[in-house]
Amino acid sequence: MKGELAHPFINNSIFMIPNIDNSELHEECGVFGVYGVKDAANLAYYGLHALQHRGQEGCGIVRVDNREFKRIKGEGLVTEVFNEKNLVGMQGDMSIGHVRYATAGGGGIENVQPFLFRHNTGNFALAHNGNLVNSKELAKYLEDRGSLFQSTSDSELLAHLIKKERDDRDRIYPIIDALNMIEGAFAFLIMTASKIYACRDKYGLRPLSIGKLNGGYVVSSETCALDVVGAEFIRDVEPGEIVVIDREGLKSVDYSKFKHHYMCAMEYVYFARPDSDIENTNVHAYRKESGRILYQESPADADIVIGVPDSSLSAAMGYSEASGIPYELGLTKNKYVGRTFIQPSQELREKGVRMKLSAVRSIVKGKRVVMIDDSIVRGTTSRRIVSLLREAGATEVHVRIASPPFAHPCFYGVDTATYEELISSQQNVEQLCNTIGADSLSFLSEEALYKAGKRKELCTACFSGKYPTALYSSLHDANKDGKF
Ligand code: SF4
């Protein structure tokens, strides 16, 4: 391992966000890989389907058969891009796949992953979940040395860094060097003709788990996809680690001695499926515990507890158990509409909320309701839901949020826009309570996020503004109104 701390793009301190203005929207994606299992591309199809909640705008699979690479990718859902016909030609016992939620680098087919690189020293494919914070600096560094990029995605940078110069060493060394040049959040899968390299950032921001299946291995952003394909969980890829998977099994290589477990708190709060375990904590159990703590911190006098489906139901159960207030199904969701949080414009979000949720009149009519939600980002959804409940006859609506105020943008791959669009950066709790039209409003404390998962470390930057990495120039628009 060389140059880990000496490289100019590396910085390991905890940072408060500086006075910088500009943020692109970022992505939240999922990766899935299969090594040494027959029909690996078919398995990847099922795996990606289980990870569909992490990105619905595009997906792809690359497989290797007798050292030959073949890729299918397209815009849309897994079930739209793949079918029995096109998967027939995808035999082979190695594959990697990706589901994408666009915006870091924009949409378009050229940004749909996995990327496939043909090179005289050997072809390879690459899939990435997360977001790099020094991508502009690296793109300039590489372009100055002659690199030409196929896409506008920051994920492509890693491939160029690996291949930036002629290198006769074993492939693991250029990968180690390249990983030490990138900064930010990542779970990378790199597939060559004979190996898969599963790499996780040294801050531990994004999850990546390994399972065993029929003598081979499966790697996934979430354990729910391991269960779906019948794989048995073995372990997580550790922060700062590369797990090399080949004929000899698993081999662990540390690319960094700096290692932390700043897992994204929003994976527990909102993103991950409740049947996934992240770093040994089940997501449903975490949410339920956060609901219990939320009651201890912010009790409410009410007749029923309801949760906003789906990601808030576990926290609502916890709140109900701790308070003794009955848990009810006060809201139902049309499952065939995409997640409000990741729809691209304000206008669509407004429409999306209406299409997506309905209040159950016979349950909420005449009741004092405690409504549990996982987070408030722009405020639009909460305002609409409170009004739905009142229209359905609720006499009081007390809103309890199972996370702290979301007041700072995320630069690690989550679409959270700019300071201007984050309502908690513009309004205090009392003002926000008025804006959403609730009778009362409280948020979970930051301390409770650690307590709910019995964790010592966690990324809570979107609540606290304390970012675990340096931020470089990836955030120029985050401060449009000059408030911070
Ligand atoms: S800033 Fe927030 S959303 Fe982004 S990685 Fe950290 S906890 Fe997750």
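Residues numbered from 1 in each chain as written. Predicted model: local features only at pLDDT ≥ 70, side-chain atom pairs only at ≥ 80, totals over all residues.

A few points about helix 13 (residues 380-391)
Definition in use: Secondary structure elements follow DSSP: runs of H or I no shorter than four residues count as helices, runs of E no shorter than two count as strands, and numbering proceeds from the N terminus. A helix's residues, less one, multiplied by 1.5 Å, set its expected span. Residues are called buried when their C-beta atom has 20 or more other C-beta atoms within 10 Å, exposed when it has 12 or fewer, and partly exposed otherwise; all C-beta atoms are positioned from the backbone.
Over its twelve residues, helix 13 extends 17 Å from the first C-alpha to the last, a length consistent with the 16 Å expected when each residue adds 1.5 Å. Those residues of helix 13 not exposed but buried are T381, S382, R384, I385, V386, L388 and L389. Backbone geometry just after helix 13 places G393 at a positive phi near 105 degrees.

Focus: the confidence of the model for the protein chain
Stated formally: On a scale of 0 to 100, pLDDT captures the predictor's confidence in every residue. Two residues form a contact once the distance between their C-beta atoms, set from the backbone, is within 7 Å.
Mean pLDDT over the protein chain stands at 87; residues scoring 70 or higher make up 86%. Overall, residues 1-27 carries pLDDT values under 50, and its contacts beyond four positions in sequence, including any with other chains, amount to 73 contacts. Ignoring residues within four places in sequence, the model shows residues 479-484, a span with pLDDT below 50, making 16 contacts including any to other chains.

Re the sheet that holds strand 7 (residues 124-132)
Two pairing modes exist for strands in a sheet, parallel and antiparallel, and in both the strands are linked by backbone hydrogen bonds. The following threshold applies: What makes two strands pair is DSSP finding at least two bridges between them. Angles shown run from 0 to 180 degrees and are taken between the N-to-C directions of axes, each axis being a line fitted to C-alpha atoms and, for helices, limited to the stretch in contact.
The six strands lie next to each other as 6-7-8-9-13-14, forming an open sheet whose pairing is antiparallel. The open sheet terminates on both sides in strands that have one partner only, identified here as strand 6 (115-117) and strand 14 (249-254). Between one strand axis and the next, the sheet turns through 20 degrees on average, direction left out of account. Sheet topology places strand 13 (residues 241-246) next to strand 14; six bridges connect them, and they run antiparallel. Residue pairing for strand 14: I245 is matched across the bridge by L250.

A look at unusual backbone geometry
That bond from Q113 to P114 is cis: its omega, 0 degrees, falls within 30 degrees of zero. Relative to the assigned elements, P114 resides in the loop between strand 5 (94-100) and strand 6. The step from P309 to D310 runs through a cis peptide bond, and the omega angle for that step is -5 degrees. As for its position among the elements, D310 is in the loop between strand 17 (304-307) and helix 10 (313-323).

Thoughts on the site of the ligand
For clarity, the threshold we go by: By definition, a residue lies near a molecule or strand when the C-beta atom built from its backbone is within 6 Å of it.
Around the ligand, the surrounding shell consists of L205, C264, A265, M266, C410, Y412, V414, C459, T460, A461 and C462. When residues of the shell around the ligand are traced back to their parent elements, those giving at least two are helix 8 (265-271) and helix 17 (461-464).

Brief notes about the pairing of strand 3 (residues 58-65)
By the criterion of burial, strand 3 is predominantly enclosed, with seven of the eight residues buried. Relative to strand 4 (residues 68-75), strand 3 runs antiparallel, the two being bridged by eight bridges. Counted as the bridge partner of R63 is K70 from strand 4. Taking the residues that link successive antiparallel strands as the turn, the strand 3-strand 4 hairpin has two residues, and the phi of N66 there is positive, at about 50 degrees. In the sheet, strand 3 pairs with strand 5 via seven bridges, with the strands oriented antiparallel. Directly across from V62, in strand 5, lies its bridge partner I96.

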